[in-house]
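One-letter residues, chain by chain:
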Amino acid sequence: MSGVRVRFSPAPTGELHVGSARTALFNWLYARHHGGVFALRIEDTDRERSRTEWVEQIPGILQWLGLDIDEGPVLQSERFDEYRAAADGLVERGFAYECFCTPGELEAKHESAKKAGRTPGYDGTCRDLTEEERAAKAAEGRPRSIRFRTPDDGSSSFVDAIRGEVAVEWSTISDFVIVRSDGNPIFFLANAVDDLAMDITHVIRGEDLLDSTHRVLALRRALSERDEPIYAHLPLILAPDRSKLSKRHGAVALEDFRDAGYLPEAILNYLSLLGWGDDEGREVMTADEIVAAFDLDGVTHAAAAFDHKKLDWVNGEWMRRLTLDDVEVRALPYAQARYGAGIDRGVFKEALRIGQERAVTLVSLVEQMDFLFLADEKFTVDEDSWEKLAATERAGEVLDAVATHLADCEWTLEAVDLRPVLEPLGVKPRKALPAVYTAVEGRHAGLPLFDSIHLLGRDRSLARVHAARQRLGGEDTRWPCPSG
RNA sequence: GCCCCCAUCGUCCAGCGGCCUAGGACGCCGCCCUUUCAAGGCGGUAACGGGGAUUCGAAUUCCCCUGGGGGCACCA
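Everything numeric here is computed off the predicted structure, so don't read it as measured data.

### Overview of the pairing of strand 2 (residues 37–42)
In terms of residue burial, strand 2 counts as a mostly covered element, since six of its six residues are buried. Alternating positions in strand 2 separate into two faces, Val-37, Ala-39 and Arg-41 on one and Phe-38, Leu-40 and Ile-42 on the other, with burial throughout. Relative to strand 2, strand 1 (residues 5–8) runs parallel, the two being bridged by four bridges. Counterpart to Phe-8 in the pairing with strand 2 is Leu-40. Taken together, strand 1, helix 1 (residues 18–33) and strand 2 constitute a β-α-β crossover, and its handedness is right-handed. In this structure, strand 2 lies alongside strand 3 (residues 71–75), joined through three bridges in parallel fashion. Across the sheet, the residue bridging to Arg-41 is Val-74, located in strand 3.

Pasting the structure below:
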């Protein structure tokens, strides 16, 4: 035990965003690298936005990613008494005070501050009320919240493990609410209290929380004299266009990637590459390898853009690394969701065998099997592919020859090889075969043709070729009579 | 508006005063391989945002500008 204790503390307000997942990952990597503890804490102090369904989903999706949790989850919603007691103590000792301003008044203060070119914030109206004034305001039935008193001058600073010293003038930070008028605590308070209670030694989180650190630290100092944790603020993950990564950029939640057929190993691997780099330049790495190589001094400072293309490459690398049995286990749920539970497992495994090395995701791998597992009446031919077929030189003759051959050849993989069939026609396999792919598989690019035909069976294969021949029309040759 | 953080190829990551005519990876382009598409092999394209300063010497240090991001809530 190194004494390192880190926590991942998401707010349960939706599915886990990749940015949050990356934060969780870096915390986990740090804990594992240093032999420390990785705890999960749910920051659900906002009862309006937090939902229990999200709370319940978080451990599961972290487990899917491969991050095992040592402690927790600690639910802040179950610790309101602690926060309330801490707040009361702060009021007693003069670090915080009761505020009776109404939402309308506060909004007006913000507006006027903005107009005056100052940082919008609290103006200190209730800072130094006498006991009588407080009683009077309370008697009016005004809302009562608790605010933390920030210093009027001087500056706040702390040493960030990634960025070095970060300082800011206190004059830019106004008194902030730590307990809502409904009695519920605010993030800053719960955060400070719990990091103390949980003996957190390193706070690794997104850069979006950098500015709030001054407030949390001020609170912590008012609550305890114990050593402060080391803070490390991770660069943010941006969308490909460097804007905020949101749903309009496609998949953003871990669940989205899982549903899209990405492997957890690949997601973990790719996420580790955003904001960190291996000293030896390795890119495709196992979780164990990353754990061994990871440390905070290797974390970059600049925000990184999410690159779906590179993720696809990493996922492809991982797809090829899996054993066939493993691919089967992982792809089966996707196949059953698409084709029903009754698919032929033998055919499925053969299709996986020929498809594994060319698939980007589990979903794309399964989709290549539509021609095998979709009911015949649902089989469709891709329009672009059909145009290519129609434009293929001597397409009719090729299809005729193929049909003739498949009609009475031996049904082995060797015998359904169509290259010898094409030879007498004098057409190149490269030129002519895509048309046959289209006829049989519904698209000009797909699983290897001869294996596919072999798996599909004689009747279905012939039916596909015949259908294509018919649709192609034009001057018929001698089909269906045997040729040459 | 104010405050904070950041700044090397399109993207991710190397580089931490001379080894840089700036390296690797993804992408992209070309060639090879090839039953399609991939995969694989080989080659190529492409960057230190601008201006000062320090220094014999700056991608590397400092300052300014510009640009990008974040924050300024009874959200976290």
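### Details of the packing of aromatic side chains
Under the criterion given, the structure shown has 12 aromatic pairs. When the centroid spacing of 5.4 Å and the interplanar angle of 45° are considered together, the rings of Tyr-339 and Phe-373 count as tilted. In this pair, Tyr-339 sits in helix 12 (residues 324–339) while Phe-373 sits in helix 15 (residues 370–373), placing the two residues 34 residues apart along the sequence. Both residues of the pair, Tyr-339 and Phe-373, count as buried. Taken together, the ring pairs connect Phe-148, Phe-176, Phe-187 and Phe-188 into an aromatic cluster. Sitting above the plane of the Phe-176 ring, Arg-215 keeps its charged end 6.0 Å from the centroid.

### So, the protein's contact with RNA strand B
The environment of RNA strand B is made up of 67 residues, and the closest members are Thr-45, Arg-49, Glu-283, Arg-358 and Arg-419. Protein-proximal atoms of RNA strand B, defined as those within 4 Å of the protein, fall in sugar or phosphate at a share of 68%. Cys-101 places a main-chain nitrogen or oxygen 3.1 Å from a base nitrogen of RNA strand B. The contact in question runs from a base oxygen of RNA strand B to an N or O atom on the backbone of Ser-181, over 2.8 Å. With five residues, the single largest contributor to the surface near RNA strand B is helix 11 (residues 308–321).

### Looking at the pattern of salt bridges
The final tally for this structure, using the stated rule, is 40 salt bridges. Between Lys-349 and Asp-325 there is a salt bridge, and its shortest N-O distance comes to 2.4 Å. Of the two residues, Lys-349 sits in helix 13 (residues 345–355) while Asp-325 sits in helix 12, which places them 24 residues apart along the sequence. Take Lys-349: its relative accessible area is 24%, and that puts it in the partly exposed class. Judged by relative accessible area, which is 48%, Asp-325 ranks as partly exposed. One salt bridge in this structure joins Glu-357 and Arg-358, with 3.7 Å as the shortest N-O distance.

The rules behind the values
- Residues numbered from 1 in each chain as written.
- Chains lettered and ligands numbered in written order.
- Predicted model: local features only at pLDDT ≥ 70, side-chain atom pairs only at ≥ 80, totals over all residues.
- Heavy atoms only, no water.
- Buried < 20%, exposed > 50% of the residue type's maximum accessible area, 1.4 Å probe, protein only.
- Helix = DSSP H or I, 4+ residues; strand = E, 2+ residues; numbered from the N terminus.
- Pairing = 2+ DSSP bridges.
- Right-handed = clockwise from strand over helix to strand, strands pointing away.
- Phe/Tyr/Trp six-rings, centres within 6.5 Å; stacked < 30°, edge-to-face > 60°.
- Lys NZ or Arg CZ within 6 Å of the ring centre and 35° of its normal.
- Near = heavy atom within 4 Å.
- Polar contact = N/O pair within 3.5 Å; in protein donor to acceptor, adjacent residues only side chain to side chain.
- Salt bridge = Lys/Arg side-chain N within 4 Å of Asp/Glu carboxyl O.

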